[in-house]
Amino acid sequence: MSRIFVAGMGAVSPAGWKLADLRQALRNGEPLPVQTLQRPGWQKPLRTRPIPNPAERLEFLAHPRLRRASPITHYVVAAALEATAGLRASRDSNLRLGLVICLQSGCVNYSCRFFEETLKDPATASPLLFPETVFAAPASHLAAVLGNISLASSLVGDPAAFLQGVALGAQWLEENRVDACVIIGAEEINWILADALWHLERPAILTAGAGALCLCREPEWSTGVELAAITDAHTWSSRKNRTQAACAMREQLSQSVFLKPGRAERPLGPAAQQRRPATARDSELLCDGIGSSPRVDAAEFAAWRDWTGPRLSPKRILGEGLMAAAAWQCVAACDAIAGGSFAAAHVALIGPNQQAMGARFVRGDSDISRLSAGPSPGNIRA
Amino acid sequence: MLFPTTSPPETPPRVVITGAGIITALGPGWKTNAAGFRTGRTAFGPVSLFDVSRQRAKQAAEVDLPVALPSTRLSAKQIARLDRAGVMLLLAIQEAWQQSGWEPAENLPLVLGTTAGGMSFGEAYFRQAVQAPHDHRHQATRAIHYQPQVQALLALEALGSTGPVTIVSNACASGGNAIGHAWELIRYGQAERVLTGGYDALTQLVFSGFDALQALSTTVCRPFDARRDGLALGEGAAVMALETLESARRRDATILGELIGYGTSIDQHHLTQPHPRGDATLTVMKQACAVAGVTPDDIDYLNAHGTGTALNDSSEAIAIGHWAGPRAATLPVSSTKADIGHLLGAAGAVEAVICLMTLCEQWLPPETMFEVPDPACRFPIVHKPQDARVNVVLSNSFGFGGVNASLILRRWA
């Protein structure tokens, strides 16, 4: 069983095109400004938090594959390049990189435009738009930009599926099929998506962007953050409602937490050690998915009702970013550990229509063990 | 826990197939499809699901859905929320389930591939959303049931089961990748049984998209034929019940075949075009053979991705020629897309079940419309119905975006 570390993080969010922007916005704790979005056929505008224009032209946009790519691909590429910057700067080009992209709505802008053209006159619908509508388009473009992708996959699901992506990346690393794996959750804004969200979760404010985690096996490549646990996927059914699934996830995540002093299988590299402040608190953070909808948030409140520790709720600041929001939660949790503010962090992802999943990240040299009871017996044994 | 997991077994367990369900334009179920593929029946006709009067292509392989669905654990309200894709998934999963003899389970993994999921709901949502006066009715339901994970959970619910759902969306390789992912879950000890497959229904957006790309044939879909002029779209679903050999033997289950190899890679050449040399295709076939412990000499039939487009077929033909070497001259190859069209996210799964049929019933599916071989083909195309001795088969699937998959199945005897 390999230890899995976080080698880098990246984020594009309504706060800006860098992780530092996300970090600052979360530190400020103030909800970001809301803009209105017009939709056809209805006077009432929809509320969104769009991605601001980048401060300077993004160099990667010069890549020929990105000339016609949709905004979601730009977010994916920006977040992935930031998350892999350290590895790409210090490692040889033969690094085998894996790529998992997780989406809930995906490339809705070009899908809407292409379908609109089809309904007007299919004979003149643009052939340039259609290929960009598929879920796999962002992965394809990113693979072309990075160039050394040996494995790639796009997963679709509700936002908790981001942790399925992280688990898949960890599996590829454990099997030594890749040297590092970047997992990205991304979405883009479109009126039809904002309209759908209005129907399903009226108080929510749609936003977009991407969050990326780059995982590795080598401690010396790490940011000082280690993946400690990912729970099973606790799916809803007629016999298990959303709150019950959330509570089951919480219980399983809690069982993965206990001390194991003196674990030192492999030392952290000097760079990672330097990044760890000596004054780091040994407390744990909960990075949750609480937003602005009491009905939707009820399951999460129930699952964590006894949590008295520090808590971070990125959606309250950023808005409802669907899969991107799930990725931001993980990125924010890892960033808080890497920055020395916390020794460990829980991430709770309770999706709207599929499953509840949780994860735990710890400081790579922390004595708060990931698990000392050994691995669980086959998480999805039927 | 998904992480950390158990250490994988030192020797990966053998993975066998104990159930298979299929629905295509040839009809529902194994028997109907086997009879059709065995004789090379084609299932194309004029598109009736939406208006194609302004499209270049007018034909597709549409599924004739049964009027009444088989009895399941879904309520009438839940059934009413299934679109075409969801109904096809339900029919395929139930057939696989019944054949496998599995009992309902609380933790049964389901791994599915799809490109469009409930796209017909998305289209209906859009049409209504742009109408004036504004009408909100049914929009919330459409927004939920458009999502493939919701369809997948309903399919599990129909079987009285629940479990983790993974939706792979690697375009036209989705079905092959889903089966490969399920196979890996079992091989690495993360599950003992998995339901897996793929599904996709014809939709106006997708038909219009391929038509806009001028990728659709305006004559006849003829993969690997020198006169080919494009692909034909189809729709359908296929699901397999995979389990460890130990589990199947413990239950004294009927074993239909064994999944012995899987390879996947990504072709970074272009969003929609394969590399002309077929490098990534070559890689996945080699990977799958290496894992399976077989060589091209051991392969008795190759079910090609073979879309019927100029670029795909020439690239795949070159790759097969390089991979097979001298064996290419005698290796029977065909693309069943000539019979039922390109099923997109369902293609890899449907073609894997067709491969299973060839292993169980010892015949090869022909491309009856094939006439003039492309000079790049160094292998014989099966173009007439024929019985054959088939022990090991390989199935290729490639997708927009470049992700590829090869699966290798072995006869259970």
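Residues numbered from 1 in each chain as written. Chains lettered and ligands numbered in written order. Predicted model: local features only at pLDDT ≥ 70, side-chain atom pairs only at ≥ 80, totals over all residues.

(A) Structural detail: the overall build of chain A. Each helix and strand counted, chain A has 11 helices and 16 strands in total. Long-range contacts, defined as pairs at least 24 residues apart, comprise 79% of the intrachain contacts of chain A with a sequence gap of at least 6. (Helix = DSSP H or I, 4+ residues; strand = E, 2+ residues; numbered from the N terminus. Contact = placed C-beta atoms within 7 Å.)

(B) Looking closely at the overall build of chain B. Secondary structure assignment for chain B yields 13 helices and 15 strands. Scaling as 2.2 N^0.38, a compact globule of 413 residues should have a C-alpha radius of gyration of about 22 Å, and chain B matches this with 20 Å. By principal-axis analysis of the C-alpha atoms, chain B measures approximately 65 × 55 × 40 Å. When each of the 413 residues of chain B is scored for burial, the buried share is 66%. Of the contacts formed within chain B by residues at least 6 apart in sequence, a portion of 81% connects residues at least 24 apart. (Rg over C-alpha atoms; globule rule 2.2 N^0.38 Å. Buried ≥ 20, exposed ≤ 12 C-beta atoms within 10 Å, placed from the backbone.)

(C) The arrangement of the interface of chain B and chain A in detail. Across the boundary between the two partners, chain B contributes 66 residues, which contact 68 residues of chain A. Breaking the side of chain B that touches chain A down by element, the ones donating at least two residues are α4 (119-129), α5 (139-145), α6 (148-158), β6 (165-168), α8 (204-212) and β9 (257-266) of chain B. A per-element tally of the side of chain B that touches chain A places α8(B) first, with 6 residues. Residues of the side of chain B that touches chain A, tallied by class, amount to 30 nonpolar, 30 polar and 6 charged. By the bridge criterion, 2 bridges tie strand β5 (residues 149-156) of chain A to β6(B) in an arrangement that is antiparallel. (Nonpolar A, V, L, I, M, F, W, Y, C, P; charged D, E, K, R; others polar. Pairing = 2+ DSSP bridges.)

(D) Looking closely at the domain arrangement of chain A. Residue and element names in this part refer to chain A. The domain architecture assigned to chain A consists of domain 1 (4-221) and domain 2 (225-364). Computed from C-alpha coordinates alone, the two centres of domain 1 and domain 2 are separated by 21 Å. If you look at the interface, domain 1 gives 52 residues, while domain 2 gives 45 residues. Of all elements in the fold, only β1 (4-12), α1 (19-28), β4 (97-103), α5 (161-174), β6 (180-187), β7 (206-207) and β8 (209-216) reach the threshold of two or more residues within the side of domain 1 that touches domain 2. Looking at the side of domain 1 that touches domain 2 residue by residue, the class counts come to 35 nonpolar, 10 polar and 7 charged. (Domains from an automatic or database assignment.)

(E) Examining the confidence of the model for chain B more closely. Chain-level statistics for chain B give a pLDDT mean of 96 and a share of 100% at 70 or above. Scored by ipTM, the complex comes to 0.98, with pTM at 0.95. (pLDDT = per-residue confidence, 0-100.)

(F) How the structure looks around the sheet that holds strand β2 (residues 35-39) of chain A. Residue and element names in this part refer to chain A. Judged by pairing direction, the sheet is mixed, and its 3 strands sit side by side in the order β2-β3-β7 without closing on themselves. Each edge of the open sheet carries a strand with a single partner, namely β2 and β7. Here strand β3 (residues 42-49) runs beside β7; their pairing, made up of 2 bridges, is parallel. Counted as the bridge partner of Arg-49 is Thr-207 from β7. Where helix α6 (residues 191-200) meets the sheet, it contacts β2, β3 and β7, and its direction lies at approximately 95° from that of β3. (Axes fitted to C-alpha atoms, helices over the stretch in contact; angles between N-to-C directions.)

(G) Layout of helix α7 (residues 174-187) of chain B. Residues and elements named next belong to chain B. Taking 1.5 Å of rise per residue, 14 residues should cover 20 Å, and α7 covers 20 Å from first to last C-alpha, within 8% of that figure. α7 sits mainly inside the fold: 14 of its 14 residues count as buried. Looking at the residues trailing α7, positive phi occurs at Gly-189, about 80°. (Expected span 1.5 Å × (residues − 1).)

(H) Local environment of the pairing of β6(B). Residues and elements named next belong to chain B. Here β6 shows a buried face lined by Val-165 and Ile-167 and a second buried face lined by Thr-166 and Val-168. By the bridge criterion, 4 bridges tie strand β5 (residues 110-113) to β6 in an arrangement that is parallel. Following the sheet pairing, Leu-112 is matched in β6 by Ile-167.

(I) Fine view of the environment of Gly209(B). Residue position: Gly209(B) is located in helix α8. With residues up to four places along the chain from it excluded, the contact list for Gly209(B) reads Phe114(A), Phe130(A) and Thr133(A).

(J) Spatial organisation of the domain arrangement of chain B. All names here are of chain B. Domain boundaries assigned for chain B yield domain 1 (16-251) and domain 2 (262-411). On the domain 2 side, the residues contacting the 61 residues of domain 1 number 56 residues. Among the elements of the structure, β1 (15-24), α1 (30-39), α7, β7 (193-200) and β8 (236-244) are those that each provide at least two residues to the side of domain 1 that touches domain 2. When residues of the side of domain 1 that touches domain 2 are assigned to their parent elements, the largest contribution, 8 residues, is made by α7.

(K) The arrangement of helix α13 (residues 347-361) of chain B in detail. Along its 15 residues, α13(B) runs 21 Å from first to last C-alpha, staying within 8% of the 21 Å computed at 1.5 Å per residue. Immediately downstream of α13(B), the backbone of Gln362(B) shows phi near 60°, a positive value.

(L) Inspection of the confidence of the model for chain A at higher detail. Residues and elements named next belong to chain A. When pLDDT is averaged along chain A, the result is 89; 88% of the residues meet or exceed 70. Note that residues 272-281 has pLDDT below 50 and, in this model, 21 contacts with residues that lie over four places away or in other chains. Counting contacts from residues 367-382, a segment whose pLDDT is below 50, to residues more than four positions away or on other chains yields 55 contacts.

(M) Representation of the packing of α7(B) against α13(B) in the model. Residues and elements named next belong to chain B. The geometry of α7 relative to α13 is characterised by a closest axis approach of 5 Å and an angle of 70° between their N-to-C directions. Classified by the angle their axes make, α7 and α13 are roughly perpendicular. Taken together, the residues of α13 that come into contact with α7 (itself represented by Ser-174, Gly-175, Gly-176, Asn-177, Ala-178 and Ile-179) are Ala-347, Gly-348, Ala-349, Val-350 and Ala-352. The class makeup of the residues in the contact of α7 with α13 is 6 nonpolar, 5 polar and no charged. (Parallel < 35°, antiparallel > 145°, perpendicular 65-115°, else oblique.)

(N) Highlighting unusual backbone geometry. Residues and elements named next belong to chain B. A cis amide bond, omega -10°, links Phe-3 with the succeeding residue Pro-4. With respect to the helices and strands, the residue Pro-4 is situated in the segment before β1. Cis peptide bonds are those with omega within 30 degrees of zero, and the linkage from Ala-132 to Pro-133 qualifies with -5°. Inspection of the secondary structure assignment puts Pro-133 in the loop between α4 and α5.

(O) Structural context of the environment of Glu132(A). All names here are of chain A. On the secondary structure map, Glu-132 appears in the loop between α3 (108-120) and α4 (137-146). Sequence separation of Glu-132 and Val-296 is 164 residues, and the distance between their C-alpha atoms is 32 Å. Glu-132 has contacts with Arg-68, Ala-69, Ser-70, Cys-107, Tyr-110 and Ala-137, leaving out every residue within four places of it along the chain.

(P) How the structure looks around the environment of Ser154(A). With respect to the helices and strands, Ser154(A) occurs in strand β5. Judged by C-beta crowding, with 29 C-beta atoms within 10 Å, Ser154(A) ranks as buried. In this structure the C-alpha to C-alpha distance between Ser154(A) and Asn353(A), which are 199 residues apart in sequence, comes to 19 Å. If we ignore the near neighbours within four places in the chain, the residues touching Ser154(A) are Ile101(A), Leu103(A), Phe135(A), Ala136(A), Ala139(A), Ser169(B) and Asn170(B).

(Q) Representation of the packing of helix α3 (residues 84-100) of chain B against α6(B) in the model. All names here are of chain B. The contact between α3 and α6 brings their axes to 10 Å, and the two run at 35°. Of the two elements, α3 crosses α6, and the hand of that crossing is right-handed. For the pair α3 and α6, the contacting residues are Ala-85, Gly-86, Leu-89, Leu-90, Ile-93 and Gln-94 in the first and Gln-151, Leu-154, Ala-155 and Ala-158 in the second. When the residues that make up the contact of α3 with α6 are grouped by side-chain class, the tally is 7 nonpolar, 3 polar and no charged. (Left-handed = near helix turned anticlockwise from the far one by under 90°.)

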